[in-house]
Structures are given as structure tokens and as C-alpha cells.
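One-letter residues, chain by chain:
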Amino acid sequence: MLLHIPDVLNGQELALLRNALSAADWRDGAATAGVQAARVKQNLQLPADAPEAKPMGEIVKAALLRHPLFQSAALPHTVLTPRFNRYEGGGHYGNHVDSALHTDPYTGISVRTDASTTVFLNSPDEYDGGELIVEDTYGVHEVKLPAGDAILYPSTSLHRVEPVTRGARLASFLWTQSRVRDDARRGMLFQLDMTILSLRAKISDASEVVALTGHYHNLLRQWAEA
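Thresholds, definitions, all that
Residues numbered from 1 in each chain as written. Predicted model: local features only at pLDDT ≥ 70, side-chain atom pairs only at ≥ 80, totals over all residues. Heavy atoms only, no water. UniProt positions renumbered as here; feature names shortened; annotations may be inferred. Helix = DSSP H or I, 4+ residues; strand = E, 2+ residues; numbered from the N terminus. Pairing = 2+ DSSP bridges.

**Structural notes on the UniProt feature "domain: Fe2OG dioxygenase" (unreviewed entry) in the protein chain**
UniProt marks residues 78–178 with the feature "domain: Fe2OG dioxygenase" (unreviewed entry), using the numbering shown here. Across residues 78–178 one finds 0% helix and 61% strand; the C-alpha atoms that close the span lie 7 Å apart.

**Points about the pairing of strand β12 (residues 132–136)**
In this structure, β12 lies alongside strand β13 (residues 139–143), joined through five bridges in antiparallel fashion. Within β13, the residue paired with Val-134 across the bridge is His-141. Hairpin connection, β12 to β13: the antiparallel pair is bridged by two residues. Relative to strand β15 (residues 158–161), β12 is paired through four bridges, and the arrangement is antiparallel. Note that in β15 the partner of Val-134 across the bridge is His-159.

**Quick notes on the UniProt feature "binding site: 2-oxoglutarate" (unreviewed entry) in the protein chain**
As annotated in UniProt, the feature "binding site: 2-oxoglutarate" (unreviewed entry) corresponds to Arg-169 in the numbering used here. As for its position among the elements, Arg-169 is in strand β16 (residues 164–178).

Here it is, written out as C-alpha cells:
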């Protein structure tokens, strides 16, 4: 499931993050990639040990966790501390699939990467190129979102970032281990949850809404991992 999550970060949070990143000590992003990914990765990344990295990551993480769409679609069990990258001067990231396991550099917790998330930190008119291209069974999807918006997609997806030919593209990225491992099942639960919310707004807690809510939780009970 590919999902656009609007307004994850507010204006104050964006200003704070961008101000900190403007003075950041960026490093070669290929240093943190796996063997295959390093061959196609040409960008800059904020080192995990940079003094501003963890506090900024916690801002992004808290913003995502308070967003109802992220909660419903990702069904997060563990969210790794978000990291930050920068693309400029032709920087790009060729086709790759995210590693199946990642370790949080701050907590040492390792997770299975079920869902990947990119949070865009600057406006699309500030740079040319830099589209996130995600390929799945339904085709090829091009993503370039307003500052503060996020895209959530399965970590199993083949994806890339197109070269940035003008300006700089700033983003935060992270991985989530979901309580429901299978993306198709997460997608069904998300659609059911959205349907329940829509019906509740129209007919309140009518018997049909209560029944659907029970069905949702019974499915979640069967599919969720502790």
C-alpha cells in the first residue's frame, strides 16, 4: 500500500528542522548503505552521531505517531528513529530495495522493515528532480510532496530517487516494524478502518458500525504479532 500522509509536520516544526539542517555537517550517504545499494547511492546524510540528529529525529517520530493515518496504515509496533538526507548537484539513489533488518543507532533495537516512510522537508518548487519513484504490482508511482507531508510504502518495494538538477531536496526517512507483517493485510485493515470512520460520521454508532468495528478488531486479533 502506497499512502500519502498530509500535514505530518507543522510550520514551526519544519522551520526548526530546516534551521538545524542548514548548518549540519553532512556526510557521504553511501557509507551507511548495504553493498548493493552503495553502488547506486549518491547523496548526503546526517551522521547518527551529529548532536542535532537524535533530537530532530524524535520530532519527526512524534509527529508521525500522533497522525491518525500513519497509525491506521502502518499499525506500528516499533518505529526506528528517523534519519535525514540531502540531494543536490545531480545527487540520486538508483533502484534498490531496503534491507530487511535495520538497527536503531540510538537504542540498539533491531527491527524487521515492513514499511518505509519519507517525510519531505522542503517545497517542491525549491528543487528540480528528486522524485521518489516506487514500483509495485500496480505500476510505477512518482512522488514529490509538499513540505511536511509524508509517503508510506512497503519496504519490499523497488524504489529510487531521481537526480536533483537544481537546488536541494531535504527529507527525513525511517522504517517501521508493523504489528501486521503482511502489506496486503495492512491494506485491508486500513480500508476497513477508513470505511468505519466514514460510516460513523454519517450514522454514528449504528449496529452496522458496531459490527464492522468488531470485524476489524477480530481480524487484527488474528493477524497481529505481539
